[in-house]
Amino acid sequence: MPRFDDITPVLDRLAIEVPSWAYGNSGTRFKVFSTPGTPRTPEEKIADAAQVHRLTGLAPTVALHIPWDKVDDYAALQRYANDQGVTLGTINSNTFQDDAYKLGSLTHTDAAVRRQAIDHHLECLEIMDATGSQDLKIWLADGSNYPGQADIRTRQDLLHEALAEIYAQLGAEQRLVLEYKFFEPAFYHTDVPDWGTSYAQVAALGDQAFVCLDTGHHAPGTNIEFIVAQLLRLGKLGSFDFNSRFYADDDLIVGAADPFQLFRIMAEVIRGGGLDEGSQVALMLDQCHNIEDKVPGQIRSVLNVQEMTARALLLDREALGKAQESGDVLAANAIYMDAFYTDVRPMLAGYRAARGLPEDPMAAFAESGYLPKIAAERVGGQQAGWGA
Ligand code: LRH
Ligand code: MN
Ligand code: MN
């Protein structure tokens with residue numbers, strides 16, 4: 001097994017983008033519980049995100065969702081973020097809230113609705129130019145509820161046409177990442193339901209288009225690490241939306257429901273070069289904190305990713321390769337499980353201390369007084385998006 005010191009250069013590169021919407025109020029269809037101190041503006045969400053980075057050193061960038069984070073001056077918002085010690089990252093488009101999109105957005109049969117959705121994405125690209133963001137992330141709610149309701153084949157062609165128009169406007173350093181989700185809000189068919197469809201669409205666009213894998217967007221029992229391996233093999237894994245789920249798109253804290261799955265995913269990311277220098281794989285969170293405090297919820301999340309990454313980096317790949325080649329099933333499995341069962345928490349505490357970070361960022365946050373401070377300062381916090 002590698003020594004902990006051997007893996008620290010890779011840990012030093014680990015960066016996990018946090019979503020602005022994780023800091024706002026969100027909830028289920030039944031009730032949105034507000035938390036004292038919830039941000040009222042994009043600036044306040046960024047300030048909270050900066051707190052996560054300050055205590056963990058793991059979250060240098062913040063993703064925005066448009067129009068949830070609409071401001072007049074995005075360059076100024078980027079300067080504000082930089083002053084807080086973070087950078088604005090991925091721009092997420094939103095074509096799932098307007099009445100016009102009831103029957104679809106980029107795949108709608110009505111050209112006027114498609115135009116509106118394409119123009120929204122072009123506006124997102126302008127925002128990216130102002131912020132210097134690299135990634136435009138597209139998730140579409142498009143789909144249908146009843147067999148026969150829509151021509152599912154034509155919609156793939158419409159989707160390609162619309163994506164091609166958006167793709168043509170990307171800057172040289174910019175990327176388009178297309179997220180898939182197997183159902184919801186549409187329940188019969190979804191236009192980008194799986195990695196294969198996303199791959200087919202982005203492959204048809206070109207080298208600057210990639211797949212985004214949201215860990216909560218698969219049917220139960222799906223072998224997600226296999227998808228990771230395949231997309232890395234094809235050079236098309238652009239980014240992750242990390243979260244965890246018990247049932248559907250639960251958006252719970254990554255690594256909370258199934259740390260072993262997170263370990264297996266990170267092991268495949270590492271195997272495929274996804275943590276190598278200059279890797280094209282962006283790690284992001286896509287979560288909501290419905291009942292727990294949001295800033296520590298995000299701290300817990302990035303720490304979970306760090307912990308499972310460290311364990312995956314400790315996998316003895318040489319020994320594993322030998323066991324696999326010799327067909328020693330039980331030895332191979334034991335080597336894999338040894339890495340998973342390694343408690344890296346004391347080593348990570350020392351690692352943090354050596355970098356001037358708190359050994360226990362959760363405790364440091366609790367002691368910082370940040371929550372009571374924002375609770376006193378901010379009155380009337382914002383909904384993350386839905387219903388806002
Ligand atoms: C859709 C999704 C997508 C959205 C986010 C708010 O379920 O995962 O990434 O942009 O939620
Ligand atoms: Mn997502
Ligand atoms: Mn989701």
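Keep in mind that this is a model prediction, so the values were computed, not measured. (Residues numbered from 1 in each chain as written. Chains lettered and ligands numbered in written order. Predicted model: local features only at pLDDT ≥ 70, side-chain atom pairs only at ≥ 80, totals over all residues.)

> Honestly, the site of ligand 1 in this entry has me stumped. Any pointers?
Contacts to ligand 1 come from Trp21, Asn92, Trp139, Glu179, Lys181, Asp214, Asp241, Asp249 and Asp286. A per-class count over the shell around ligand 1 returns 2 nonpolar, 1 polar and 6 charged. (Near = placed C-beta within 6 Å. Nonpolar A, V, L, I, M, F, W, Y, C, P; charged D, E, K, R; others polar.)

> Looking at this model, I keep getting lost on unusual backbone geometry. Mind explaining?
Both trends apply: most residues other than glycine have a negative phi, and most peptide bonds are in trans. In this structure, proline 67 follows isoleucine 66 across a cis peptide bond, with omega equal to 20°. With respect to the helices, strands and loops of the structure, proline 67 is situated in the loop between strand S2 (61–65) and helix H3 (74–84). Look at glutamate 184: it is not a glycine, yet its phi comes out positive at around 75°. Mapping glutamate 184 onto the fold places it in the loop between strand S6 (175–179) and strand S7 (189–190). Classification of glutamate 184 as exposed rests on a count of 12 C-beta atoms within 10 Å. Positioned with a positive phi, aspartate 251 is a non-glycine residue whose angle comes to about 55°. Within the secondary structure layout, aspartate 251 lies in the loop between strand S9 (237–242) and helix H8 (259–271). For aspartate 251, a count of 24 C-beta atoms within 10 Å corresponds to the buried category. (Helix = DSSP H or I, 4+ residues; strand = E, 2+ residues; numbered from the N terminus. Buried ≥ 20, exposed ≤ 12 C-beta atoms within 10 Å, placed from the backbone.)

> Just checking my understanding: could you explain the sheet that holds S9 for this structure?
The 8 strands lie next to each other as S1-S2-S3-S4-S6-S8-S9-S10, forming a closed barrel whose pairing is parallel. The sheet shows a mean angle of 30° between the axes of neighbouring strands, taken without regard to direction. Pairing analysis gives 4 bridges linking strand S8 (residues 209–214) to S9, with the strands arranged parallel. Paired with valine 211 across the two strands is leucine 237, which belongs to S9. Against the sheet, H3 makes contact with S2 and strand S3 (87–92), and its axis sits at roughly 135° relative to S3, the strand it touches most. (Pairing = 2+ DSSP bridges. Axes fitted to C-alpha atoms, helices over the stretch in contact; angles between N-to-C directions. Contact = placed C-beta atoms within 7 Å.)

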